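Single-letter residue listing:
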Amino acid sequence: MHTAHKKTLLLIGILLSVSMLSSLPLFAISAEEIIRKLEENQVHETARSEGKMIINDRFGEKVTTFKSWAEGEEKTLIEFTSRQERGQKILRTDDEIYLYFPDAAEVIRLQGAALRDSVLGSDMSYEDMTGGKGLLDSYRATLLGTEKIDGQECYKIELKAKGRGVPYPREILWVDSEIFVTRRVHMFSLSEKLLKEMRIEEYRSLKGKTFPVRFIIEDKMKRNSSTEFVIESIEIGVDIPSSRFSLEELTW
Amino acid sequence: MKFLVNLAFKNLFRHKRRTMITSIAIAVGLALFILIDSMLVGIEEDSTRNLVLYETGSARIMDAQFWEEHENLPLKHSIDNPQPILEDLEAAGIDAAPRTVFRGELIMQKDPYPESGSIQAQITAIDPQRDPQVYLIDESISAGRFLKEDRLEAVVGAWLAEDIGAQVGYPLTIVTRTKEGFFQTIDLEIVGLANTPNPVVNRTGIFIPIKTADYYLQMDGSVTQIDTSFPYQADIKKQTSKIRSVALEDRPDLTIVDWKILGKDFVALAAAKSAGSKVILFLVFIIAAVGISNTMLMSVYERIREIGMLRALGMRRHEIRLAFLIEAGGIGLIGASVGVLIGVLLNIPLVNNGIDYSALMRDADMGYRITGIMRGLWSTATILTAFFTGVVLSVLMAFIPTRKALKLQITDALRYQ
Amino acid sequence: MKLRKIAWRNIRRNTRRSILSMSAVAIAAMAFVFLFSMIEGMKQDVAYNLQTFVTGEVRIRHSEFEKYKHLNPLHLGVDNYTALAERLESMEAVRTISPRIKFPTAIYKEGSTYRAQGQGVDFEREAEYQGLEEYVVKGRMPRNGQNEVLVATGLAKEMNLDIGDNFTLLTQTRGRGMNAITFKITGLSHYQFDGLNNSFFQAPLDRVQYFLRMDNSVSEILIKLKENYSAEEFAAGLNSSLTDWGRPQLEARMWKDISQTYSFVVMADAIYFIIALMFFLLGSTVIINTMMMTIFERRKEIGTINAMGMTGPEIVRLFFLEAFFIAAIGSFVGVLAGIGITYPTSIYGLNFSAAMEGVDMEVSQILRPVLNFKSTLFVFLYSTFIASVASFIPSRKSAKIKPVEALRAI
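Please read these numbers as outputs of a predicted model, since none were measured by experiment.

Some thoughts on the overall build of chain A
Helix and strand content of chain A: four helices and 13 strands. Taking the intrachain contacts of chain A between residues at least 6 apart in sequence as the baseline, contacts between residues at least 24 apart amount to 50%. Of the roughly 10000 Å² of accessible surface on chain A, a fraction of 45% belongs to carbon and sulfur atoms.

Shown next as C-alpha cells:
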C-alpha cells in the first residue's frame, strides 16, 4: 500500500513532491496521468530534515521532535529528540519496521498486528509507514472533476482499492493542478464513512521543488483527535552513508 | 414363603404408627439428601452452566489456524462454507449455531452519550435464529429486545452499557477491519441490554446479527466458529467425536475444542469446589444413614418380645428373620418412595426458581452486586442411589437386632425390656 | 429439679439409642465448625492477599484513573509522591505504605512478544509491606536504582528464562509514547495465589519511573493500617485530608469497595449458611424421630405417670429436656470434634494447588482454616437450638396420651 499522502507521512516531509513548472492543459489529463505526475514528484534521492509532531487527543496536547534521514522511497530513519523519547529510532527498510530504544538491549522488529498500533500515540500507524508499491498498483483512479481547496484549483481523484492489502478501500485525493502536490486526502471505510482527513497546510519551495512542511491528520471518528506535522528545516541531496539504514548502525 | 410375606405385610399395617414413624425417618433423610445433592451439584454446575450457556457453548468448531492464533482473532482463518456443517449437525440432532467474533473499537459521541470516547472491544456476531439453540443470551435481555436478522442493531452487556453510559436506542459505531484487511465502520443502534448470570458477558458482551457482520466484514458466508451444545452430563469425548464424524469428516482444516479447554480457568475453580461438595455430601449421607439406622434399630428392638413369642409358637429362626427383613424392606420401600417423591417435588421449584440468598449477603460487605440465586439440578443417579440406599439400609439395620433376638433364649426374649 | 433427673435417667437407660441420636447432631456440628473455619480462613487469606498485593487496606489513586483504566492512563497518577508518602507515614493509623506503578506490558524475546503485568515497587519498602523476601524462591531481590527485575515463576517458565537473563519490556509511557528497556533477572518469585504467578514481574520503582517517564509520580499508594483502625473510616478521613493538602484530584478507597473477590467469599459464606441450616434440619429429624419412637414405645409408662398425677405440661417438659440434653451433648461433642480436626489443619494447611492452578482469583493455594470463637459458639448454639426446637414437636404429643392408653398398650 503506497499512496502519495502516506509517503509524505512516512517520510514526514522528506519524500517530497517536486513542483512541475510546466503547466499542462487542465482538461486533457487523465487520473492516471495525474497520479503518475504526483509520483514523479517524489524525490528519489536523499533528504535530511528536522521537525515536530503535535498530537492532540482527549488527554491534551503533546509535542514530539525528531530528525530524519531518507533515501529513495524505501529507506527512512527517524530519531526522536524530545525529552520523553530522546534517542528512540524508527527504521524502515522496504516492508520492515524496526524500533530502537536506548535502554533496551534488543532491537524490536514489528510484525503482524503490532503494525496496526499507532506511532507514539499519533493518528498514524506503523502500517501507514510501510509498503513500496506505486499508487496505481493498488488503486484504480478516477478523475471526478476539479474543486478549489484553500483557493487553489485541484483535481479531485477517487482511488478505489483493486484488492486486499491496503487498509482503506476508498480515498479521495485533491491534487493541486499547478504544482501537482496533494492538498487534501480523505480516507473512507468500506461503508463509505469518512475515517481520516489529511490537510496539507503549507508547502515550501527549495531548489526549485515544493515540499509539504505542515500538514494535519485528523481522526474523524473521534472528537479532539488530530496530529500535526511540522517540518522546520530540510536539506536535500545530502550525503547519507547507506549503512545509516542498517540494523547494525541503528544502535549507535 | 407366601405366609411370611403375608405376615410381614400384616405387621406393617397392624402397627401403622410405627410404620409411619420409621418410614418418615427414611423419607426425610432421603429427601434432604436429594435436595442437598441437587443444591451442591447445582452450585458446582452453576459456573459451568454460566460458562457453557453464555460464553463457550459445549464445543466449538474452528479453523485449526484460527484456534492456534485465537488471541488475535484472525478473520482470514475463518470457516468457509459453514452451511453443510450446520445441516449435517442439524440432521444428527446436534444443536449448533454459527458465530463470528472480531475485534473493533466502539465509538461513542457525546449526546446522547454522557461523554465522547472510544474503547477496544470484542464483538460477537450471532445468528438470532440459531443462537438460542446453544446460548441463552436471548432469555437474558433486561431492557429492550433481542436481535433480529440482518438489521443494523446491537445487544450490549448490561454492565458494559452502564460503564459507557449507553441505553436502549443509542447509536453505536464500530470501527474495525474486514476479512480483507480494509477499514470498516458499522453504525448500529442498541436495541437491547443483556444481563446474564455470566459476569464476563455482562462486562464485555456486544452482539450483532451475523448477517450484518457477514456483509460488513466481507466474510462471504464464512464464520469464525460453529458452537455446538450437548447436555453437560454427556461424555465430552464421545460427543465431540460424534460431531467430528457427523460433520467434519471431509473438513480436515477444522478442529473442535470443548468447553473444558475453552474455559479452563472456570473448570479449575469448579474442580476445587467439587472436592468440597463431595465431603459435604458424604456427611449428609452419614447423618441420613444414622437417622434411618436409629429408627430401624429401635423399631426392631422394641419387638424382641414379639420375636420370642413367635419362636415360642414354633416358627423357625430363618423364617422369623425373613419375615422381619421383608417387613423392614417394606418400610424401606415406603420410606424411600415417599422420600424420593418429596425430594423430587421440592426439587422442582429449586431447579426452576432457585433460592434467592442475596438478602443474606450484607450490603456493607459487598463492593459489587452479585445476583445470589442458588439453583438445584436434576440427577437421576442421586435419586436412584437414595432410593436403593433407603431400602438396603433398612433391611441391613433390621438384620442386626433380629439376629441378636434370635440368639437369645426364648424365655429371655420374652422378658426383654 | 426432678424432671431433669428423670430425663437423664431416660437418656442413660438406652445408651445406644441416645448415642446414635447424638451422633447425628454431632456430625452436623463438627462439619460446620470445620467448614466455617475454612471460610473464615479463606476470608482472612483473601483479605491478606488483596491488601498486600492488590488494593491495600486503603488505596490512593487519581480519581479519574478508574474511568480511563482500560487506556492505561499513567498520567493520572499520584504526583510528587514522596511528599505524600512522608505525610502518610507520619500518620498515627498508618502501619506501612507501598507506592506502586502498575503497567501492562509486552515482553520481547527474540521476535516473540508475551503479555505481562509489571509493577514498579520500592524494594526497601516492599520487604516489609509484602514480606517479599519470603516469595523469592530463586536468586535475590532486585536492588533499587538497578535495572533488575523479579519475575514470577510461571512467566519465567513460559518464556524459558532464568536468573541472569535479559528481560526486555515494551510499553506505553506516561506521555502515551512507546519505550522499551532491558532489565536483568535477579530473582524468581512464587506467590501463594496463582493469579500472580503467570504473568507478573516487579522492578525497582525508580527505574520504572525513569522508563515510563513518570518523574516523581506513582500510579497508586497502598496503605496498611495498624490494628484496630477501620479502613472505611480511615479512607473517609483521608479523603478530606487529601483535599486539605491541596490534592483534591486524589481519592482514597478501602479495599472491600475495590475488589470483587472478597464479595465471592462473602457469597460462599451465605451459601454455606443455607447448607448449614439444611444439615441441622437433617440432624434434627433424627432427634425428632428418635423422640417419636421413644414416646411411642413408652406410651404405657407415660400413661402410668400421668395416672400418678404428673400433669401434661410436665410430661412435655420431661421429653423436651431429654431431647435438649441429647442435642446439647451432641453439639458439644460435635464442636469438640470439629475443633479437633480444624486445629491440625490450621497448622499444616490444606493444599488446593492442583485445583487452583490458573485461577485468576486472589485465593491462596494452601488454605489454613481459622478457628473462630464466634462462629464455633454459633454452631453450638444453633444446632442445640434447632434440635431442641425440633424435638418440641414430638414432646407435645406425649401430653396427649391418656392414662387409659397405658393399660391398652402391650
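From this point, the narrative continues.
Things to note about the interface of chain C and chain A
Each partner contributes to the interface: chain C provides 22 residues, whereas chain A provides 21 residues. Each partner contributes to the roughly 2000 Å² buried at the junction of chain C and chain A, and carbon and sulfur atoms together form 49% of this total. Summed over the shared surface of chain C and chain A, the result is one salt bridge. The residue R83 of chain A makes a salt bridge to D215 of chain C at a minimum N-O spacing of 3.6 Å. Remark: the boundary between chain C and chain A carries eight residue pairs in polar contact (both at pLDDT 80 or more). Mapped onto the side of chain C that touches chain A, the elements with two or more residues apiece are β2 (94–109), β6 (166–172) and β7 (178–189) of chain C. The biggest single contributor to the side of chain C that touches chain A is β7 of chain C, with five residues.

Quick word on the environment of D257 of chain C
Note that D257 of chain C resides in helix α8 (residues 255–258). Since its relative accessible area comes to 34%, D257 of chain C is described here as partly exposed.

Describing the domain arrangement of chain C
Here chain C is described as being made up of domain 1 (2–50 + 262–408) and domain 2 (56–258). With centres defined by C-alpha atoms, the gap from domain 1 of chain C to domain 2 of chain C works out at 48 Å.

As for a negative patch on the surface
Residues and elements named next belong to chain B. On the surface, E87, D88, E249 and D250 cluster together to form a negatively charged patch. Tracing the sequence through the fold places E249 in the loop between α9 (236–247) and β10 (254–258). Judged by relative accessible area, E249 falls into the exposed class, the value being 65%.

Some remarks on the packing of helix α2 (residues 15–54) of chain C against helix α13 (residues 373–399) of chain C
Pairs of packed helices are described in terms of their axes, by the angle between the two and the distance that separates them. Residue and element names in this part refer to chain C. Between α2 and α13, whose axes approach to 9 Å, the crossing angle comes to 155°. The orientation of α2 with respect to α13, classified from their angle, is roughly antiparallel. Crossing of α2 over α13 shows right-handed handedness. Of the residues in α13, those in contact with V25, A29, F32, V33 and F36 of α2 are S375, T376, F378, V379, S383 and A387. Split by residue class, the contact of α2 with α13 holds eight nonpolar, three polar and no charged.

A short note on the packing of aromatic side chains
Scanning the entire structure with this criterion turns up 17 aromatic pairs over all chains. Ring geometry for F53 of chain C versus Y135 of chain C: centroids 5.6 Å apart, planes at 65°, classification edge-to-face. Linking F53 of chain C in helix α2 with Y135 of chain C in the loop between α4 (123–129) and β4 (136–139), this pair joins segments that are 82 residues apart in sequence. Residue classification places Y135 of chain C among the buried positions, given a relative accessible area of 7%. Ring plane angle 55° and centroid distance 6.1 Å describe the contact between F324 of chain C and F325 of chain C, whose orientation is recorded as tilted. Overall, F324 of chain C belongs to the partly exposed group, its relative accessible area being 31%. According to the relative accessible area criterion, F325 of chain C is buried, its value standing at 12%. The side chain of R170 of chain A reaches across the aromatic face of F188 of chain A, ending 4.5 Å from its centre.

Some words on a nonpolar patch on the surface
Side chains of F332, V333, L336, I339, Y343, I347, Y348 and L371 of chain C sit close together on the surface and give an oily, nonpolar patch of about 800 Å² of accessible area. By the secondary structure assignment, Y343 of chain C is in helix α11 (residues 312–348).

Some thoughts on the nonpolar core
Formed by 71 residues in total, the largest nonpolar core has its most connected members in I287 of chain B together with F32, I275, F279, F280 and V379 of chain C. Counting 61 residues, the second-largest nonpolar core is a separate cluster that includes I55, Y139, I200 and V213 of chain A.

A few points about the pairing of strand β9 (residues 170–176) of chain A
All names here are of chain A. In terms of residue burial, β9 counts as a mostly covered element, since seven of its seven residues are buried. What you see with β9 is no split at all: R170, I172, W174 and D176 on one side and E171, L173 and V175 on the other are buried throughout. Bridging between strand β8 (residues 152–161) and β9 involves seven bridges; their strand directions are antiparallel. Of the residues in β9, the one forming a bridge with L159 is E171. The sheet contact formed by β9 and strand β10 (residues 182–188) spans six bridges and is antiparallel. Bridging from a neighbouring strand, V175 pairs with T182 of β10. From the end of β9 to the start of β10, which pair antiparallel, there are five residues, and F180 there has a positive phi angle of about 50°.

Comments concerning the packing of helix α1 (residues 2–13) of chain C against α11 of chain C
Residues and elements named next belong to chain C. Running from amino to carboxyl end, α1 crosses α11 at an angle of 55°, the nearest separation of the two axes being 9 Å. Here α1 lies oblique to α11, going by the angle between them. Along this stretch, α1 crosses α11, giving a crossing that reads as right-handed. Touching L3, R4, I6, A7, W8, N10 and I11 of α1 are E314, R317, L318, L321, E322, F325, I326 and I329, all from α11. For the contact of α1 with α11, the residue count by class is 10 nonpolar, one polar and four charged.

A closer look at the side chain of N347 of chain B
All names here are of chain B. Relative to the helices and strands, N347 resides in helix α13 (residues 317–352). By relative accessible area, which is 2% here, N347 ends up buried. The contact partners of N347, leaving out residues within four places of it in the chain, are L35, S38, G376, L377 and W378.

What counts, and where the lines are drawn
Residues numbered from 1 in each chain as written. Chains lettered and ligands numbered in written order. Predicted model: local features only at pLDDT ≥ 70, side-chain atom pairs only at ≥ 80, totals over all residues. Heavy atoms only, no water. Helix = DSSP H or I, 4+ residues; strand = E, 2+ residues; numbered from the N terminus. Contact = heavy atoms within 4.5 Å. Areas by Shrake-Rupley, 256 points an atom, 1.4 Å probe, with all protein chains shown as cover. Buried area = accessible area lost by both parts, 1.4 Å probe. Salt bridge = Lys/Arg side-chain N within 4 Å of Asp/Glu carboxyl O. Polar contact = N/O pair within 3.5 Å; in protein donor to acceptor, adjacent residues only side chain to side chain. Buried < 20%, exposed > 50% of the residue type's maximum accessible area, 1.4 Å probe, protein only. Domains from an automatic or database assignment. Patch = residues over 30% accessible without salt bridge, like charges linked within 9 Å, V, L, I, M, F, W, Y side chains within 5 Å. Lys, Arg positive; Asp, Glu negative; His and termini not counted. Charge placed at Lys NZ, Arg CZ, Asp CG, Glu CD. Axes fitted to C-alpha atoms, helices over the stretch in contact; angles between N-to-C directions. Parallel < 35°, antiparallel > 145°, perpendicular 65-115°, else oblique. Left-handed = near helix turned anticlockwise from the far one by under 90°. Nonpolar A, V, L, I, M, F, W, Y, C, P; charged D, E, K, R; others polar. Phe/Tyr/Trp six-rings, centres within 6.5 Å; stacked < 30°, edge-to-face > 60°. Lys NZ or Arg CZ within 6 Å of the ring centre and 35° of its normal. Core = buried A, V, L, I, M, F, W, Y, C linked by side-chain atoms within 4.5 Å. Pairing = 2+ DSSP bridges.

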